[in-house]
Amino acid sequence: MKIKSLYISAQEKDAGTIFVSMGIMEILKRNIDRVAFFRPIIFKKDKKDNDINFILKRYNIDMDYEDSYGFDIDYVEKMISQHRTNELINQLIQKFKKLEDKYDFVLCEGVRRSFLTTTINYDLNIKIAQNFGSAVINIINAKNSTVLDVYENMLIEKENLKSEGCVHFATFINRLDSEQHKSLQSTLKSGDKNCYLLKEVAELDMLTIQDVIEGLGAKSVSMREKDHTRIIRDVKVAALTLDNFLQYLEEDDLVIVPADRSDIILGLFGSLYSNNYPNVSGIIFPFSMKAHPNIKKLLDGLDGFNIPIISIDTNTYETARNISKVSARIRVTSERKIALVLGMFNANTDIESIERRITSTYSTTMTPVMFEYKLFEMARSNKKRIVLPESKDERILRAAEIIIRRGVADVILLGNEKEVRENYMRLGVDLSGATIIDYKNSKLLDEFTDAFFKQREAKGLSKLAARDAMQHVNYFATMMVHLGYADGMVSGAIHSTGETIRPALQIIKTTPDTSIVSSVFFMCLKTKVLVYGDCAVNQDPDAEALAQIAYSSSKTAEAFGIDPKVAMLSYSTGESGTGADVDKVKEATGIFKSLHPDILVEGPIQYDAAIDADVAASKLPNSKVAGKATVFIFPDLNTGNNTYKAVQRSSGAVAIGPILQGLNKPINDLSRGCSVDDIVNTVAITAIQAGQVK
């Protein structure tokens, strides 16, 4: 019988259950359409469970919060103390089975060790998993344990699960230091292939400004929305004079300082301007004091430089003591921590092995989330170097951090190295893993100038003009791709489409099988992904160009795992209409069929007949494409651009693109209104395209 659920259970407190839940949920959502999340036991019914709240929001799980848990600790303790354990288990099974019947797969997270009392013991998790028929993933916290203890615990847990009739799916040993990790790697080398080792990552235990605000009930004095996720590495009390206090400052400190210590406050802001002092994460005013109006006015005028400031009612000592009791939490907005967790999980887990073992109800349905995760996995499995020329844009820097942490691609940023570092450090972003190239003073300038001059000399380009062109960031980035210093480029956040495509046409040029650069959007609908082309580049292609766009789009679809069934769209289906526009689509369809007889194509065809099986049965009953089309080719830019936006806005579809096609090497254009997620997705697609270049 195929498993339909996994049960994650931690032996020790603070074992990192939520991190493993995230990693497994990523795998499930990548392969299965409808996944539920269920915690049989939570702490308090009248207080929202953090793990449930996070998973439901992060992965857009389509279920009500009340359906995602069984009972709280008080109820469970009462039932067990009254010797009604079997009744309790039956009640839990009823709740679980409702989810199992409604969803394709259920990921369960067991009761936390920190919740357990003398009445409730760890074996309750095993009993629940046993009655759910779930395979079990157990987590062992290696912190402060010897390697021998960890290894013996792993063996005991496996034997215990076996003796209780549970299927052991995998073991995660978490929070290992380097020595433990190395020793266990050697011990397990020829042993359990389903045991995964995760190193301790200090940042995951670090507080954020939001943790302090929530944990202490602090109030915002001066905060931006993005400041809530800033990491706090240490807490310092400013009890010294400024002269002496500065020497104790460290990167990402949270400084407790009374609001009337104007010297300290100004000194901390001054450290932002100085290369000789670190940047602090935030300032907290005890006693709920307010800074002097003149000091506040001065700070408000420091455009571009910001230190979050919060206040609290308690005195300095109590504030410091209370902060020490606050626990770090992961939230949907904790993009840095999320990227770090998923990067660590993917790097240390045999994803393919886990996917093979999850064999239940595999669906061919493709949701937006599934498609996005597939993109990341494809890019990560064949990592490429992607150059991002627009390093002055905050969205680019934030996206670059996620790309690096998720292991999607190696990032190259163009710009003055000092300015780029100052910009990303000011944002609290870690881009130490990126390569930064000062394109205006690069040693590559001479080589790039010569190469461009040779390409364009016959068209009248002078050597001086070639060098001037290489001083433009998009031309420099494009030449990096052309000469193999990068595998792909993504631009357009602050540049126009023309400024992105023009260098590509002059330097990269089109593939031998096409003479036209075109674009597609991946339209991620609720249950499937469609390819729309061309909605961004070619205004009114003739029949031959339209056939080439259709071919390029079909190859793009195929490259991303979408079986190409091409619909050549028109206001007419079959022979139902006439006119120049219909004739163009007919001619384009004929050209396509003659050149690519192995690819399914239908045209002219109306959109409803292409996508709706019932309409197709009426209008084109014998067509192999009608009602099942996956690639939609629009007759002109006006139709395509308006249609993709109409579908996007009216149906809630996720539109990823435009993705350029037809170039020898991948160059992709961003919308100037793009989001961080748009950039991340486009970089992932560019990296995949780069991996497919022959």
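For the protein chain, the name recorded in an unreviewed UniProt entry is Phosphate acetyltransferase, with Candidatus Sulfurimonas marisnigri as its organism. Reading the Function (unreviewed entry) entry of the UniProt record for the protein chain gives the comment "Involved in acetate metabolism."

Draft legend 1. Main features of the overall build of the protein chain. Broken down by element type, the protein chain carries 27 helices and 25 strands. For a compact globule of 694 residues, the expected C-alpha radius of gyration is about 26 Å, and the protein chain comes in at 29 Å, within 12% of that figure. Viewed in the frame of its principal axes, the protein chain has a C-alpha envelope of about 80 × 70 × 50 Å. Residue burial in the protein chain is summarised as follows: out of 694 residues, 55% are buried. Counting only contacts in the protein chain whose residues sit at least 6 apart along the sequence, the fraction spanning at least 24 positions is 75%. Total accessible area on the protein chain stands at roughly 30,600 Å², and carbon and sulfur atoms take up 48% of it. Each charge class in the protein chain can be summarised by its mean position, and for the 85 positive and 90 negative side chains these summaries are 1 Å apart.

Draft legend 2. Molecular detail of the sheet that holds strand β7 (residues 195–199). The strand order β3-β2-β4-β1-β5-β6-β7 describes an open sheet built from seven strands, whose pairing is parallel. If you trace the sheet from one side to the other, it starts and ends with β3 (69–72) and β7, each paired once. Within this sheet the neighbouring strands show an average axis-to-axis angle of 20°, counted without direction. With seven bridges connecting them, strand β5 (residues 135–141) and strand β6 (residues 167–176) associate as parallel partners. If you follow N138 over to β6, its bridge partner there is T171.

Draft legend 3. Spotlight on the packing of helix α22 (residues 543–559) against helix α23 (residues 580–595). Two elements in contact, α22 and α23, have axes separated by 8 Å at closest approach and are oriented at 55°. With respect to α23, the axis of α22 lies oblique. Handedness of the α22/α23 crossing: right-handed. Side by side, α22 and α23 meet where A543, E544, L546, A547, A550, Y551 and S554 of the first sit next to K584, V585, E587, A588, I591 and F592 of the second. Looking at the contact of α22 with α23, its residues break down into nine nonpolar, one polar and three charged.

Draft legend 4. Examining the domain arrangement of the protein chain more closely. What the domain assignment lists for the protein chain is domain 1 (5–200 + 336–364) and domain 2 (207–327). A separation of 38 Å is found between the C-alpha centroids of domain 1 and domain 2.

Draft legend 5. Structural detail: the side chain of T349. By the secondary structure assignment, T349 is in the loop between α13 (335–348) and α14 (351–357). A relative accessible area of 8% means that T349 is categorised as buried. At 2.7 Å, the side chain of T349 forms a polar contact with the backbone oxygen of F345. Among all residues touching T349, those that are not within four sequence positions of it are F172, Y196 and I354.

Draft legend 6. Representation of unusual backbone geometry. Here G533 and D534 are connected by a cis peptide whose omega angle stands at -15°. Among the secondary structure elements, D534 is positioned in the loop between β20 (529–533) and α22. Even without being a glycine, N144 presents a positive backbone phi close to 65°. By the element assignment, N144 lies in the loop between β5 and α6 (147–163). The class for N144 is exposed, based on a relative accessible area of 78%.

Draft legend 7. Spatial organisation of the sheet that holds strand β21 (residues 565–569). The strand order β22-β21-β23-β20-β19-β24 describes an open sheet built from six strands, whose pairing is mixed. Strands with a single pairing partner mark the edges of an open sheet, and in this sheet they are β22 (600–605) and β24 (654–661). Pairwise comparison of adjacent strand axes, ignoring direction, gives a mean angle of 20° for this sheet. Judged from the three bridges that link them, β21 and strand β23 (residues 631–633) form a sheet pairing that is parallel. Across the sheet, the residue bridging to A567 is F632, located in β23. Across the sheet, helix α26 (residues 637–651) lies against β19 (518–524), β20 and β24, angled at about 15° from β19, the strand it touches most.

Draft legend 8. Inspection of helix α19 (residues 463–470) at higher detail. All of the buried residues along α19 are A466, A469 and M470. Across the axial projection of α19, the buried residues extend over an arc of 100°, all falling on one side. Where the residues of α19 are buried, they touch α18 (445–456), α20 (473–482) and α21 (497–508).

Draft legend 9. Molecular detail of the pattern of salt bridges. Overall, the coordinates contain 39 salt bridges when judged by the stated rule. With a shortest N-O distance of 3.1 Å, K143 and E200 are connected by a salt bridge. One end of the pair, K143, is in the loop between β5 and α6; the other, E200, is in the loop between β7 and β8 (207–208), and 57 residues separate them in sequence. Its salt-bridge partner being D393, residue R395 comes within 2.8 Å of it at the nearest N-O pair. The network of salt bridges with shared partners includes E26, R58, E335 and R406.

Draft legend 10. Layout of the environment of I232. As for its placement among the helices and strands, I232 is situated in strand β10 (residues 231–232). By relative accessible area, I232 is classed as buried at 4%. With 27 residues separating them along the chain, I232 and D205 place their C-alpha atoms 9.8 Å apart.

Draft legend 11. Expanded view of a negative patch on the surface. Together, D542, E544, D581, D583 and E587 give the surface a local cluster of negative charge. No other element matches α23, which puts three residues into the negative patch. Within the secondary structure, E544 is located in helix α22.

Draft legend 12. Geometry of the UniProt feature "coiled-coil region" (unreviewed entry) in the protein chain. Here, UniProt's "coiled-coil region" (unreviewed entry) annotation points to residues 82–109. With 64% helix and 18% strand, the stretch residues 82–109 has end C-alpha atoms that lie 25 Å from each other.

Draft legend 13. Molecular detail of the pairing of strand β15 (residues 385–388). Looking at chain direction, β15 and strand β16 (residues 410–414) are connected through four bridges and run parallel. Counted as the bridge partner of R385 is D410 from β16. Crossover handedness for the path β15 to helix α16 (residues 394–406) to β16: right-handed.

Draft legend 14. Structural context of the packing of aromatic side chains. A full pass over the atoms with the stated rule returns 19 aromatic pairs. Between Y65 and Y69, the ring centres sit 5.5 Å apart and the planes meet at 50°, which makes this aromatic pair tilted. Using a relative accessible area of 9% as the deciding quantity, one classes Y69 as buried. Ring plane angle 20° and centroid distance 5.5 Å describe the contact between F172 and F345, whose orientation is recorded as stacked. A residue pair is termed long-range when its members are at least 10 positions apart, and F172 in strand β6 and F345 in helix α13 qualify at 173 residues. Like F172, the residue F345 is buried in the burial classification. Here the aromatic residues Y7, F38, F96 and F132 are joined through ring pairs into a cluster of three or more. The side chain of R58 reaches across the aromatic face of Y59, ending 5.8 Å from its centre. Lying across the ring of F169, R357 places its NZ or CZ 4.4 Å from the centre.

Quick notes on the rules
Residues numbered from 1 in each chain as written. Predicted model: local features only at pLDDT ≥ 70, side-chain atom pairs only at ≥ 80, totals over all residues. Heavy atoms only, no water. UniProt positions renumbered as here; feature names shortened; annotations may be inferred. Helix = DSSP H or I, 4+ residues; strand = E, 2+ residues; numbered from the N terminus. Rg over C-alpha atoms; globule rule 2.2 N^0.38 Å. Buried < 20%, exposed > 50% of the residue type's maximum accessible area, 1.4 Å probe, protein only. Contact = heavy atoms within 4.5 Å. Areas by Shrake-Rupley, 256 points an atom, 1.4 Å probe, with all protein chains shown as cover. Lys, Arg positive; Asp, Glu negative; His and termini not counted. Charge placed at Lys NZ, Arg CZ, Asp CG, Glu CD. Pairing = 2+ DSSP bridges. Axes fitted to C-alpha atoms, helices over the stretch in contact; angles between N-to-C directions. Parallel < 35°, antiparallel > 145°, perpendicular 65-115°, else oblique. Left-handed = near helix turned anticlockwise from the far one by under 90°. Nonpolar A, V, L, I, M, F, W, Y, C, P; charged D, E, K, R; others polar. Domains from an automatic or database assignment. Polar contact = N/O pair within 3.5 Å; in protein donor to acceptor, adjacent residues only side chain to side chain. Arc of directions from axis to C-beta. Salt bridge = Lys/Arg side-chain N within 4 Å of Asp/Glu carboxyl O. Patch = residues over 30% accessible without salt bridge, like charges linked within 9 Å, V, L, I, M, F, W, Y side chains within 5 Å. Right-handed = clockwise from strand over helix to strand, strands pointing away. Phe/Tyr/Trp six-rings, centres within 6.5 Å; stacked < 30°, edge-to-face > 60°. Lys NZ or Arg CZ within 6 Å of the ring centre and 35° of its normal.

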